[in-house]
Amino acid sequence: MKRRSFISTAIAGFGMLPFMSGAASALNESRAESLIDSLVADINKVIASGKSEPSMFREFERIFARYSDTSYISAYAMGNDGRRATSRQKSAFSSAFQGYISRKYGRRFREFIGGQLEVKGVKKVKQWYEVKTLAKLQGQSPFDVTFHASDRSGKDLFFNMYIEGINLLLTERTEVGALLDRNGGDIDKMIAALKKAS
Amino acid sequence: MNYISPAFRMLSRLLPFGALALVTACAVPQDSPDGIYDPYEKQNRKMHAFNRGLDKALVRPAARGYSQVVPDEIEDSVGHFAQNLGQPSVVVNSLLQGDMKGAGVATARFLTNTVLGFGGFADAATEFGMPEQDTDFGETLYTWGVGEGPYIELPGLGPSTQRDTTGKIVDLFTNPLSYAVDSPEKYYGTGASVASRLSDRDRYSDTVDSILYESADSYAQARLIYLQNRRFDLGDETSNREVDPFELDTKGF
């Protein structure tokens, strides 16, 4: 996280403190559902804008930062290797990973044009919520997409996504692990490779 | 339902296979990381390199060519035809799983599409609100309690497990049509399913390419994705091992 965004997040966090103390602020089924609804609405807005690809990727990165638990996602993706990373490496990894995800999934946005994500149901699992949706894309049979959302960070955020049972975070941890192996376990080289990966 | 009796005749041939699978396929051991049990990784990786070469040299270009030359409507019809010929096998496997409803729907779909769908080239059943049915002998083994066993990458066919490999071999014999139809007609189905696989390879080209050619370790990606998706289709929730999101140390990220 860059210093400026850290400061603005901290200020935003302070601003929200009074609203977060009451019991009414806990994540519930309808809030989990509306989180996913507005995430989908924001993504559709970017796709409909018809901007150039690089500027869409920046928009997707902004959406990803706003709706997802980026520190959880980065920590999960790094797996056990995160334990030996320095705090500088951790934050560099986190920002490289967010850019990588936005490019990787953003590049496929054309498949979503004219498609829709229909919320099928929300249920509480342990300490988080599972939002089941059905993706209907043009020229494809509908498929299941499930989001996991929690407010462990103090904000309602999604922290994982499953497509037809495939845990996307786990596939990214496999990718990061492979990049580490390829670079002889060197975390800095892995981060550099991630910045170049699409 | 004149294919029920061949189905039972066939059962006697299946039993040795089933017994073999029961003896050899075991569950995924508890200590395997990410729920992956891959004792044959070295051989599997060699097979993966072979499959990747096959895809690059043959399957991918053939799929591209097939989809470019053949109009979309014909491609869909060939896909429906191949799927329809597979329905009797779905009926047999549904019966073996004790899934009477699935067997009934698959039977109705087969009859509807064969009669009203011009011999299976149109999917009339879906338009009448009969949902698609898909199952195989690998799933039958799962419902019988056979464990997944080690991960295996098969030549030409790609990712599988020991249980699903046994299922694929047995499924060569579970389609009553292959007993009822003489050659050369029985090879129409094989041709249609190869063509329909080419259609799928091209339709999901971006996804397949990103796994095979853009990831840092395509073998590990294909293995993970196959296992997770297959377990999801089977409704197997015990083989995946997940960390509790609240136990992860996110400090510094």
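Residues numbered from 1 in each chain as written. Chains lettered and ligands numbered in written order. Predicted model: local features only at pLDDT ≥ 70, side-chain atom pairs only at ≥ 80, totals over all residues. Heavy atoms only, no water.

## Focus on the pattern of salt bridges
Turning to step 1, where the next piece is worked out: The full count for this structure, using the stated rule, is 28 salt bridges over all chains.
Turning to step 2, where the next piece is worked out: Of the charged contacts, one joins Lys51(A) and Glu59(A) as a salt bridge, the two residues approaching to 3.9 Å between their closest N and O atoms.
Turning to step 3, where the next piece is worked out: The class for Glu59(A) is partly exposed, based on a relative accessible area of 21%.
Turning to step 4, where the next piece is worked out: Residue Glu130(A) pairs with Lys123(A) through a salt bridge whose shortest N-O separation is 4.0 Å.
Turning to step 5, where the next piece is worked out: Given the relative accessible area of 44%, Lys123(A) is considered partly exposed.
Turning to step 6, where the next piece is worked out: Connected through shared salt-bridge partners, Asp38(B), Glu41(B), Arg45(B), Asp217(B) and Arg223(B) make up one network. (Salt bridge = Lys/Arg side-chain N within 4 Å of Asp/Glu carboxyl O. Buried < 20%, exposed > 50% of the residue type's maximum accessible area, 1.4 Å probe, protein only.)

## Focus: the interface of chain B and chain A
Turning to step 1, where the next piece is worked out: In this assembly, 29 residues from chain B lie in contact with 36 residues from chain A.
Turning to step 2, where the next piece is worked out: Surface buried jointly by chain B and chain A totals about 2,900 Å² across both partners, of which 58% is contributed by carbon and sulfur atoms.
Turning to step 3, where the next piece is worked out: Three residues, Ala216(B), Phe246(B) and Phe253(B), lead the burial of chain B against chain A; their summed loss comes to 26% of the area buried on that side.
Turning to step 4, where the next piece is worked out: Our enumeration of links across chain B and chain A arrives at 1 salt bridge.
Turning to step 5, where the next piece is worked out: Note that Glu214(B) and Arg107(A) form a salt bridge whose closest N and O atoms lie 3.6 Å from each other.
Turning to step 6, where the next piece is worked out: For the pair chain B and chain A, the interface holds 9 residue pairs in polar contact (both at pLDDT 80 or more).
Turning to step 7, where the next piece is worked out: Going through the elements one at a time, α10 (205–212) and α11 (218–234) of chain B are the ones with two or more residues in the side of chain B that touches chain A.
Turning to step 8, where the next piece is worked out: The greatest single-element share of the side of chain B that touches chain A, amounting to 8 residues, is contributed by α11(B).
Turning to step 9, where the next piece is worked out: Class assignment for the residues of the side of chain B that touches chain A results in 11 nonpolar, 8 polar and 10 charged. (Contact = heavy atoms within 4.5 Å. Buried area = accessible area lost by both parts, 1.4 Å probe. Polar contact = N/O pair within 3.5 Å; in protein donor to acceptor, adjacent residues only side chain to side chain. Helix = DSSP H or I, 4+ residues; strand = E, 2+ residues; numbered from the N terminus. Nonpolar A, V, L, I, M, F, W, Y, C, P; charged D, E, K, R; others polar.)

## A look at the side chain of Arg231(B)
Turning to step 1, where the next piece is worked out: Positionally, Arg231(B) belongs in helix α11.
Turning to step 2, where the next piece is worked out: Each residue touching Arg231(B), except ones within four places of it in the same chain, is listed here: Val28(B), Gly35(B), Glu148(B), Asp236(B), Ser239(B) and Asn240(B).

## A word on the environment of Ile169(B)
Turning to step 1, where the next piece is worked out: Note on placement: Ile169(B) falls in helix α7 (residues 162–171).
Turning to step 2, where the next piece is worked out: Expressed as a C-alpha distance, the spacing of Ile169(B) and Met47(B), which sit 122 residues apart in the sequence, is 18 Å.

## Regarding the sheet that holds strand β4 (residues 157–163) of chain A
All names here are of chain A.
Turning to step 1, where the next piece is worked out: Spatially, β1-β2-β3-β4-β5 is the arrangement adopted by the 5 strands of the open sheet, whose pairing is antiparallel. The strands lining the two open edges of the sheet, one partner per strand, are β1 (116–125) and β5 (166–167).
Turning to step 2, where the next piece is worked out: Alignment of β1 against strand β2 (residues 128–136), held across 9 bridges, turns out to be antiparallel. Counterpart to Gln 116 in the pairing with β2 is Lys 136. (Pairing = 2+ DSSP bridges.)

## A closer look at the pairing of β2(A)
Strand residues, when the strand is regular, have side chains that alternate between the two faces of the sheet.
Residue and element names in this part refer to chain A.
Turning to step 1, where the next piece is worked out: Summarising burial for β2: 7 of the 9 residues are buried, a large majority.
Turning to step 2, where the next piece is worked out: Linking β1 to β2, which pair antiparallel, is a turn of 2 residues; within it Lys 126 sits at a positive phi near 45°.
Turning to step 3, where the next piece is worked out: Sheet analysis places β2 next to strand β3 (residues 143–150), joined by 7 bridges and oriented antiparallel. Across the sheet, Val 131 pairs through a bridge with Phe 147, a residue of β3.
Turning to step 4, where the next piece is worked out: A loop of 6 residues connects β2 with β3, the two strands running antiparallel in sequence, and Gly 139 in this loop sits at a positive phi of about 75°.

## Describing the packing of helix α3 (residues 53–67) of chain A against helix α5 (residues 87–106) of chain A
All names here are of chain A.
Turning to step 1, where the next piece is worked out: One way to put it is that α3 packs onto α5 with a least axis distance of 9 Å and a crossing angle of 120°. Judged on the interaxial angle alone, α5 and α3 are oblique. Crossing hand, α3 versus α5: right-handed. Note on element contacts: α5 touches α3 through Ser 95, Gln 98, Gly 99, Ile 101, Ser 102, Arg 103 and Gly 106, opposite Phe 57, Phe 60, Glu 61, Phe 64 and Ala 65.
Turning to step 2, where the next piece is worked out: The class makeup of the residues in the contact of α3 with α5 is 5 nonpolar, 5 polar and 2 charged. (Axes fitted to C-alpha atoms, helices over the stretch in contact; angles between N-to-C directions. Parallel < 35°, antiparallel > 145°, perpendicular 65-115°, else oblique. Left-handed = near helix turned anticlockwise from the far one by under 90°.)

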